[in-house]
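Fold and geometry: a report
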Amino acid sequence: MQTATEWLRSELFTVGPLSDALAWVVIGLFVLAGAVEWYGRRTDADLMDTARPIAVAAWVGFGIFWLNLFPAFAFEHQSYVEGILSLVGFPACLYVAKLLYDGRDTLFVLSRAVAVMGVIYLPFETIPAFTLGGTTFPAPRQFLIEFVTMLTGEIITLFGYSPALVESPEGYMATYQWILEDGHRYNVSIVLACTGLGSIAIFGGLIGAVRAPLSRKLRGLAVAVPIIFVLNVFRTAFISIVSGNQLMHWFPEVVLFMFGETNAYRVSFLLSDRVISQLLAVVALIGITYLVARQLPELLTVLEDILYVLTGEEHDLQDALDLPREPAVEQPEARRAD
């Protein structure tokens, strides 16, 4: 039987119960900080001194969360992009905590955004299947993964391919099995990271956090969510087709060395997913951000804060990107936090 110390060592730097629990605690702190700040604005009570340490603690915890995930992203998932972002996320979160502690109150908007992101994403990541009133409900992640898998299969069929749909390692019908010319069976599984939920949660959080009329928030969501979801389904189909037909078996020795891999059948997958798709995803997110900001100019405040954290310099995105900046809901200047 494992001792508490042995369990803790086995869970550190992995995706599992410990990382899930840490995520819920951190998001809980973000939600609490946002609720205290919101109540203070609504009642004209000065609660910044109460909300500030809660938000600071949340950002410190958020940094620890990303540091804990770095080995999983970098070595298990073999993703340079996700690995670098998670590693950079640790000092970045600590820096945000320091700025908040020092009085940069606009960062409360970014804190609210993280709270909303977590509320959107974590149920899909952590809630298991359950039975209620004699009816069994699948885990939210299973429903979403299998739905994206079905749409991916439709696109694969449109391109003239017909791989078999088999059970994934998670136990879902979410793996396309391809038979290569040499008879080798190559499986491409759809997982939660393939559904676009992460990007949708990011935009949902940013849009939900800013103070703006509901109509313009809905316009921002109407721009971001469909584009992200459609592009993501085409991305999963692209990766499956390329991997299942070994269409990018380029410079195998170099690719295998770069990713610390030995299985030559994974070269096409690594190039199509870990390199091409992830880099294009960054470009797509920048483009979507621009389109959303045209509908919801209040988003500029959050983006400018992110740039300040990254560069240490103030930026005026309104002038740089020629974007309008419509006024947010009016509030007393003494209480303004965004």
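Residues numbered from 1 in each chain as written. Predicted model: local features only at pLDDT ≥ 70, side-chain atom pairs only at ≥ 80, totals over all residues. Heavy atoms only, no water.

Describing the overall build of the protein chain
Per the secondary structure count, the protein chain includes 12 helices and five strands. Out of the 338 residues in the protein chain, the part that is buried amounts to 44%. Considering only contacts in the protein chain between residues 6 or more positions apart, those separated by 24 or more positions represent 65%. (Helix = DSSP H or I, 4+ residues; strand = E, 2+ residues; numbered from the N terminus. Buried < 20%, exposed > 50% of the residue type's maximum accessible area, 1.4 Å probe, protein only. Contact = heavy atoms within 4.5 Å.)

Things to note about unusual backbone geometry
Even without a glycine there, the phi angle at Gln246 is positive, about 55°. Checked against the element boundaries, Gln246 lands in the loop between helix H8 (214-244) and helix H9 (252-259). Positive phi, close to 45°, is recorded for Phe251, a residue that is not glycine. Along the chain, Phe251 falls in the loop between H8 and H9.

A short note on the sheet that holds strand E5 (residues 185-189)
If you walk across this open sheet you meet the three strands as E3-E4-E5, and the pairing is antiparallel. The sheet is open, and its two edges are formed by strand E3 (164-167) and E5, each paired on a single side. For this sheet the average axis-to-axis angle between neighbouring strands, irrespective of direction, equals 40°. As paired elements, strand E4 (residues 173-179) and E5 share five bridges and run antiparallel to each other. (Pairing = 2+ DSSP bridges. Axes fitted to C-alpha atoms, helices over the stretch in contact; angles between N-to-C directions.)

Overview of the UniProt feature "active site" (unreviewed entry) in the protein chain
Residues annotated in UniProt with the feature "active site" (unreviewed entry) correspond here to Cys194 and Arg235. Despite a sequence span of 42 residues, these residues sit close together in the fold, their greatest C-alpha distance being 8.5 Å. Relative to the helices and strands, Cys194 resides in the loop between E5 and helix H7 (197-209). With relative accessibility at 15%, the residue Cys194 sits in the buried group. Not counting residues up to four positions away in its chain, the partners in contact with Cys194 are Val148, Ser189, Asn232, Arg235 and Thr236. Tracing the sequence through the fold places Arg235 in helix H8. Here Arg235 is in contact with Ala193, Cys194, Asp273 and Ser277, once residues within four sequence places are set aside. Of note is the side chain of Arg235, whose polar atom sits 3.0 Å from the side chain of Asn232. (UniProt positions renumbered as here; feature names shortened; annotations may be inferred. Polar contact = N/O pair within 3.5 Å; in protein donor to acceptor, adjacent residues only side chain to side chain.)

What to know about the nonpolar core
Core analysis: the biggest nonpolar cluster contains 48 residues, and Phe30, Trp59, Phe62, Leu100, Val210 and Val292 have the highest contact counts within it. Of all the secondary-structure elements, those providing two or more residues to this core are helix H2 (17-43), helix H3 (48-76), helix H4 (80-101), helix H5 (107-126), H7, H8, helix H10 (267-295) and helix H11 (299-311). Here this core takes 11 residues from H3, the largest share from any one element. Counting the residues that make up this core, at least three belong to each of domain 1 (1-128) and domain 2 (138-322). In contact with Leu100, not counting residues within four places along its chain, are Arg52, Ala55, Val56, Trp59, Leu107, Phe108 and Ser111. (Core = buried A, V, L, I, M, F, W, Y, C linked by side-chain atoms within 4.5 Å. Domains from an automatic or database assignment.)

As for the UniProt feature "transmembrane region" (unreviewed entry) in the protein chain
When the UniProt feature table is mapped to this numbering, "transmembrane region" (unreviewed entry) covers residues 21-39, 51-73, 80-101, 107-124, 144-166, 186-209, 221-242 and 275-293. From the first C-alpha to the last, residues 21-39 spans 27 Å; its make-up is 100% helix and 0% strand.

Side note on the confidence of the model for the protein chain
The predicted structure's coordinates, where accompanied by low pLDDT, should not be read in detail. On average, residues of the protein chain score 88 in pLDDT, and 90% of them reach the 70 mark or higher. The model gives residues 327-338 a pLDDT under 50, and that stretch makes 27 contacts with residues more than four places away or in other chains. (pLDDT = per-residue confidence, 0-100.)

Thoughts on the pairing of E4
In terms of residue burial, E4 counts as a mostly covered element, since five of its seven residues are buried. Bridge count for E3 against E4 is four bridges, and the pairing is antiparallel. Residue pairing in the sheet places Glu167 in a bridge with Met173 of E4. The antiparallel pairing of E4 with E5 creates a hairpin that spans five residues between the two strands, and Gly183 there sits at a positive phi of about 90°.

Side note on the packing of H7 against H8
The interhelical angle for the contact between H7 and H8, taken along N-to-C directions, is 170°, at an axis separation of 10 Å. In terms of orientation, H7 and H8 fall into the roughly antiparallel class. Residues Ser199, Ile200, Phe203, Gly204, Ile207 and Gly208 of H7 form the contact with H8, whose own contacting residues are Lys217, Gly220, Leu221, Ala224, Val225 and Ile228. When grouped by side-chain class, the residues that make up the contact of H7 with H8 number seven nonpolar, four polar and one charged. (Parallel < 35°, antiparallel > 145°, perpendicular 65-115°, else oblique. Nonpolar A, V, L, I, M, F, W, Y, C, P; charged D, E, K, R; others polar.)

Overview of the packing of H7 against H10
Two elements in contact, H7 and H10, have axes whose closest approach is 12 Å; the angle formed by their N-to-C orientations is 25°. Our classification of the angle between H7 and H10 gives roughly parallel. For the element pair H7 and H10, the recorded crossing hand is right-handed. In this structure, H7 contributes Ser199, Phe203 and Ile207 to the contact, and H10 contributes Leu285, Ile288, Thr289 and Val292. Within the contact of H7 with H10, the residues separate by chemical class into five nonpolar, two polar and no charged. (Left-handed = near helix turned anticlockwise from the far one by under 90°.)

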